[in-house]
Amino acid sequence: MSSKHSIVGKNLQKVDGFKLVTGRPAFTDDIYLPGMLYGKILPSPHAHARIKRIDTRKAKELRGVHAVLTYKDVPRVPHTTAGQSWPEPSPYDTYLLDSKMRLVGDRVAAVAAESRAIAEEALRLIEVEYEVLPAILEIEQATADGAPVIHDEPDATGIHDAQHNVAGYILKEIGNVEDGFLESDLVIEREFRTQRQQHCPIEPHVTISWLDSDNRLVIRTSTQVPYHTRRQVAMILQIPVQRVHVVKPRIGGGFGGKQEMLLEDICGALALATHRPVKIEYTREEEFYMARSRHPQILNIKMGVKRDGTLMANKMTVLATTGAYGSHANTVQGNTGSKVLPIYRTPNMRFECHVVYTNTPVAGAFRGYGCPQGYFAQESVMDEIAYTLGMDPVELRKKNMIRLGDIDELSAQLGEGRKGLPRHIRSCGLPECLERGAAAIDWVRKRQEFSNVGPNGVRPLGERRSPLHPESGHLRRGVGVACSMQGSGIAGVDWAAALLKLNEDGSFNLQVGAADLGTGADTVLGQIAAETLGVTLDKMIVCSGDTDFTPFDVGAYASSTTIISGGAVKKASEKVRDHLLLLASKMLDIPVDNLTCRENMVVTKCECEKSVSMEDLAHFAMCKEKVQVMENASHWNTDSPPPFCAQFAEVEVDTETGQIRVVHLVTAVDLGVAINPMQAEGQSEGAVAQSLGYALTEEMVLDASGRVINPSFLDYKMLTAKDMPKLTTILVETEEPLGPYGAKSISEIPINAPAPAVANAVFHAIGVRFQKLPIRPEDVLRALRDKELSSPQRR
Amino acid sequence: MFDHIERFYRPTTLREALLLLRKVGKHGRVVAGATDIVTQADRSSRFLIDINHLGLSYIRGNNRGCLIGATTTMAGIELSPVTIAFAGGILAKAASTCGSIQNRNMATVGGNLANASPAADTAVVLLALDAQVRVANSRRSRKIALTEFYSGPHRTVLNGELLREIIIPALPGGGRLGWSFQKLGRTETDISLVNAAAGLQIDARGRIKWARIALGAVGPTPLRARIAEDLLLGNTFNEDLLARAGEAVMREVSPIGDGRASAEYRREMSGVLARRALRECATQAGCKL
Amino acid sequence: MSDFHLDFIVNGEIKHWTIAPGDLLLDVLRREGYFGVKRGCETGECGACTVLVNGKPINSCLMFAAQAEGCEILTIEGVAEGEKLDPLQEAFLEYGAVQCGYCTPGMILSAKALLAEHPDPTEAQVREALGGNFCRCTGYLKPVEAIMAAARVYRQVGPSGARPKAERRSALLGKKR
């Protein structure tokens, strides 16, 4: 990577790396508190039921049990668990404990006991009589006539149409799509279905809560959103915000599943009830059905294009389910529209979405946030358009893609939950992403070589291809492409602050509310500060995610940390730098204009080479001048500069077993400027792994009673080290004016397009399109059989 | 999770273990690798008997066959020069696919058999190798053919007995043997969706003198595809015979559908894996198609 | 319930712990302060709880602590020598193989066991060694690169920390109680 900076752009080791490779206590559960109790939640066995009677006497009498809570024991405060800025754009339809159960795994009661075994025994002693209600498990049933009403409680707010189980509804249009279709030479309409995917952070959700010596409620928790959690817990437990102290230690992965106030309220309630520290940690099984997951969607997409490949109209109609509660219901699906359709300059775009309740595991934020679903649909149809028109899929995208200088109006209509702002494209590396990605996978040659249809890989309009090339044995190869964009922070909503304090030895404390969930945020923010101050990274002590000791930050989501938290860090660092230069000017008796910070020193810009070390300057400030150099700054953006990505997949399909093996996955991503290229690559590679699982193996499966039948790693299959293909990651740098040192974001975008890239590659290999995820071997076999039966083989 | 365990026994002789087993009866669980016990959290157990110190971890092989102690780990079988050399190494290969390295370092072949999963990889190979198991309780010791060992899904004929040894008889004499183990999973370290083990002996004229095909995860227990075996015996190995053998296997199996795969897919894959296994056997046996 | 008296070695130190007979090794280690041994699934799938028992990687969530009697355990806390990091730890940092770090102790131990047997591993062997260590952050590429790099360092300067030897074990433990 070329870098005109000394710290930014360098592959520096993580500031928290030492404790992670040595296994030092750093995560939520890595402490022992005397007297700590073990908390556990009794999950509902029914997908939809009311509690007719609940008797906790025997449980309470069990030796070692300190508290048993039911809906009768706690305040009823409607809220959302979504970690979002207030007022949250998600329905307030959730309760700490309720008398109505809306999914298998909903909270019936909670206990705190002296050991895990006693807590589990206590759960077994709670007697519950349920009135079982008919449940809605399928998305399409939610709005049917006579369907049971899942949220019939009078005190819920923000639900679009509770009587018909519609949590949210979105409709936005630019131009007129029907006119656009009339002007099109080719119109393709397809339906796509995506599944429930689980984050599977290797560290499950865990929270420990206690009352400190000042009788304040401390919540030590694995969270991406400490500040939102503080606010929500205070509201739910009806205690003042100032009485709540949220601490975020190292987190073992989140991916959006921890952008949620999940255990903190119930854990806090148990701590208040027992006056003892209480720990609740999910088992892996509970993590599957009592945490969050990706919204399943049915997407109907209709795209119209002229013969020369110019897109005229794009109409996407989505039916999604948010599960039993509406956390992130409107905003995830809003993203499916706002971050997907506008990647192409289509004059007529329409996005309509119903988000419905079902009695199924609750969906929430998950890396990509609505984009993986939308891009699977859109990029598959783009591939079909290219094939039908006889165009190279890469050329079709180049022809239509959004460009530098464009303004995306759809975003203005589809802000995340509130009126958005138009998006100006001030940096765009998508053309280069397509070029370099195509070269890396050897696109042109492989499109031809693997094609069983002709010398150019170009198909005349309307001609069908034969599914199996007899000479190739039972293995077929193909390559496919897909593009995507995302955002960097929520415009006008996400904000962050940073506090920077000088120590007498020339080191700095950087206090940020930002939540490093393994993303390397602490390191990236430290690099931004160090660069601005002209010091080395080891001079930065980064402290993050503590509501008492770090300033506000919305938290880690929406790919906001580098650009928003980083923006605050840069501003605060500039203020500190300016103050340092003033002090140095006084100390050295040299005008400020002639001074600059570099290599842990303040030096003159001119040739006279006078300088002072940061350590001496700090000493001067604190001992002589008696001033604490310390500055803070807040930052937000009025825009959300999108990163761009082109991803290419090479696959090999075994036509006897239906198994799809991904041979190579190339990611070319425009992230603005890479503050730490190595960490950025790592983020991309992990996102790709999750997307390949989304494409091929991962799915939470429910039985007829609404229970998850595969709540374990034995049967929820993620790709392991032995399954991963060759990965190539190309960081394409552009300079984004709104980002610190030109940075945008990278943490989400690479998860958006590998699934359609793989699906498109599979089409190239065997001539079959898959419109449902995951693409399982038996789906491939069935499709090959159907194709054989429906069209004669051609040689 | 195991708070109800009152005692953890570590006997050092087989006799001691068998007496303990009789004493604790249905309140006791035998611990070998522990990999199946812990995940099946049986709350009724009160006693655990660790059988890893009875001298039952060994692999001995000669031209009269192989003897494998029940507490030999999968890793032990995977890496033993004896099993790598025996029968084309298919037992070592099967062991090497039993989960991750961590699993294989603990899981034992005896535990794998006694747990009686229909998908157990070692069971399928051992069926193809005509294996027997030696079991014992405090009163008697007996040998059971592996084909008689399973009484249903996750059920064996063990009656208060300990599985102590696996006995693999000598392979057919005269050379020209070929072996294969095939496995299908959703990912590389998956439990088998379908697995197959096969052995063929083919004479110089391409006639099949000896045939074994065993499959797992396609019936209530691991099974021998005897109809397919009979179809092969005495006939010349060729593409047509291979295809017919595959079809016979598909008719012989009785898979169920579950969250991992549908019954139809398993049935179809039993044919695919059987054909692939037989083809590999034939190639190894020196028969060119 | 009768206690089980566990005599074994953890990171080179002799331990005499009194445990419940049904205690799992993972729980006992964490209870005694070895927080580097992580809880991820409790079903022997994810490998976050990996420790070395007599040099072999196992899932401590699936092992009864009593089974470890007389054994030598290595946890991540025993990998570095004081503040001097093992080449594996250094490589993980240098190659960006650590993101959230939750799977890292397990991976490093699995890698350590691999390199003790295969000082010059192929990429396939490294991936096999990591097959039971799930990571949701990295996509495994950088951990593989880090392990290959550490292998090169080991071949030059040797690993830190000796492999456990049976003779050393019995010498340390002496007679059992």
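Quantities reported herein were computed from a predicted structural model and do not represent experimental measurements.

Digging into the overall build of chain B
Okay, step 1: From N to C terminus, chain B includes twelve helices and 14 strands.
Okay, step 2: The C-alpha atoms of chain B give a radius of gyration of 19 Å, which matches the 19 Å a tight globule of 289 residues would have.
Okay, step 3: In terms of principal-axis extent, the alpha carbons of chain B reach across some 60 × 45 × 30 Å.
Okay, step 4: Looking at chain B residue by residue over its 289 residues, the buried ones come to 58%.
Okay, step 5: Within chain B, contacts between residues separated by at least 24 positions form 64% of all contacts whose residues are at least 6 apart in sequence.

Looking at unusual backbone geometry
Across the chain, the bulk of peptide bonds are trans and the bulk of non-glycine residues have phi less than zero.
All names here are of chain A.
Okay, step 1: In this model, Trp86 is joined to Pro87 through a cis peptide bond whose omega is 0°.
Okay, step 2: Looking at the element boundaries, Pro87 is found in the loop between β3 (65-69) and β4 (100-101).
Okay, step 3: The step from Leu773 to Pro774 runs through a cis peptide bond, and the omega angle for that step is -5°.
Okay, step 4: Position of Pro774 relative to the elements: it lies in the loop between α18 (754-766) and α19 (777-790).
Okay, step 5: Although it is not a glycine, His275 adopts a positive phi angle of roughly 55°.
Okay, step 6: Within the element layout of this structure, His275 appears in the loop between α6 (264-274) and β12 (278-281).
Okay, step 7: Residue His275 is classed as partly exposed on the basis of its C-beta count, with 13 C-beta atoms lying within 10 Å.

Some thoughts on the nonpolar core
One recurring pattern in soluble globular proteins: nonpolar side chains tend to sit buried together.
Okay, step 1: Ranked by size, the top nonpolar core spans 417 residues in total, and within it Val762 of chain A together with Leu215 of chain B carry the most contacts.
Okay, step 2: Once you skip the residues sitting within four places of it in the chain, Leu215 of chain B turns out to touch Val124, Val194, Asn195, Ala196, Leu223, Ala225, Val249, Val253, Ser270 and Ala274 of chain B.

Details of the domain arrangement of chain A
All names here are of chain A.
Okay, step 1: Per the domain assignment, the segments making up chain A are domain 1 (37-133 + 202-253 + 258-289), domain 2 (297-489 + 640-790) and domain 3 (495-538 + 556-636).
Okay, step 2: A separation of 41 Å is found between the C-alpha centroids of domain 1 and domain 3.
Okay, step 3: Of the residues lining the interface, twelve residues belong to domain 1; the matching set on domain 3 comes to six residues.
Okay, step 4: Across the side of domain 1 that touches domain 3, the residue classes tally to four nonpolar, six polar and two charged.

A closer look at the packing of helix α5 (residues 226-237) of chain A against α6 of chain A
All names here are of chain A.
Okay, step 1: Two elements in contact, α5 and α6, have axes separated by 9 Å at closest approach and are oriented at 50°. As far as their axial angle goes, α6 and α5 are oblique. Note on packing geometry: the crossing formed by α5 with α6 is right-handed. Contacts from Thr229, Val233, Ile236 and Leu237 of α5 reach α6 at Glu264, Asp265, Gly268, Ala269 and Leu272.
Okay, step 2: Its residues placed into classes, the contact of α5 with α6 shows five nonpolar, two polar and two charged.

Quick notes on the sheet that holds strand β18 (residues 475-485) of chain A
All names here are of chain A.
Okay, step 1: In spatial order, the strands read β18-β26-β27-β28; together these four strands make up an open sheet with mixed pairing. Of all the strands in the sheet, just β18 and β28 (726-733) have a single pairing partner and so form its edges. The average undirected angle you get between the axes of adjacent strands in this sheet is 10°.

Side note on the interface of chain B and chain A
Buried accessible area, meaning the area lost when the parts come together, often serves as the stated size of an interface.
Okay, step 1: Counting residues at the interface gives 16 residues for chain B, matched by 16 residues for chain A.
Okay, step 2: The greatest single-element share of the side of chain B that touches chain A, amounting to four residues, is contributed by helix α12 (residues 263-284) of chain B.
Okay, step 3: Residue composition of the side of chain B that touches chain A, grouped by class: six nonpolar, four polar and six charged.

Points about the pairing of strand β23 (residues 601-604) of chain A
All names here are of chain A.
Okay, step 1: As judged from the four bridges shared by strand β22 (residues 595-598) and β23, these two strands associate in the antiparallel manner. Residue pairing in the sheet places Cys597 in a bridge with Val602 of β23.
Okay, step 2: Pairing between β23 and strand β24 (residues 611-613): three bridges, direction antiparallel. Along β24, the bridge assignment pairs Val602 with Val612.
Okay, step 3: The turn linking β23 back onto β24 is made up of six residues, and Glu609 within it adopts a positive phi angle of 60°.

Section: the interface of chain C and chain A
Okay, step 1: At the interface, 41 residues of chain C touch 43 residues of chain A.
Okay, step 2: Elements supplying a minimum of two residues to the side of chain C that touches chain A: α2 (87-94), α3 (104-117), α4 (123-129) and α5 (141-157) of chain C.
Okay, step 3: Counting residues per element, the side of chain C that touches chain A draws most heavily on α2 of chain C, which supplies four residues.

Observations concerning the environment of Ala119 of chain A
Residues and elements named next belong to chain A.
Okay, step 1: Checked against the element boundaries, Ala119 lands in helix α3 (residues 116-125).
Okay, step 2: Take Ala119: there are 25 C-beta atoms within 10 Å of it, and that puts it in the buried class.
Okay, step 3: Separated by 643 residues in the primary sequence, Ala119 and Val762 place their C-alpha atoms 50 Å from one another.
Okay, step 4: Those residues within four positions of Ala119 in sequence are excluded, and the remaining contacts are Tyr38, Gly39, Lys40, Val111 and Ala113.

Digging into α6 of chain A
Residue and element names in this part refer to chain A.
Okay, step 1: With eight of eleven residues buried, α6 is to be regarded as a mostly interior element.
Okay, step 2: Considered for burial, the residues of α6 that qualify are Glu264, Asp265, Ile266, Cys267, Gly268, Ala269, Leu270 and Ala271.
Okay, step 3: Positive phi shows up at His275, right after α6, with a value of about 55°.

Conventions adopted
Residues numbered from 1 in each chain as written. Chains lettered and ligands numbered in written order. Predicted model: local features only at pLDDT ≥ 70, side-chain atom pairs only at ≥ 80, totals over all residues. Helix = DSSP H or I, 4+ residues; strand = E, 2+ residues; numbered from the N terminus. Rg over C-alpha atoms; globule rule 2.2 N^0.38 Å. Buried ≥ 20, exposed ≤ 12 C-beta atoms within 10 Å, placed from the backbone. Contact = placed C-beta atoms within 7 Å. Core = buried A, V, L, I, M, F, W, Y, C linked by C-beta atoms within 7 Å. Domains from an automatic or database assignment. Nonpolar A, V, L, I, M, F, W, Y, C, P; charged D, E, K, R; others polar. Axes fitted to C-alpha atoms, helices over the stretch in contact; angles between N-to-C directions. Parallel < 35°, antiparallel > 145°, perpendicular 65-115°, else oblique. Left-handed = near helix turned anticlockwise from the far one by under 90°. Pairing = 2+ DSSP bridges.

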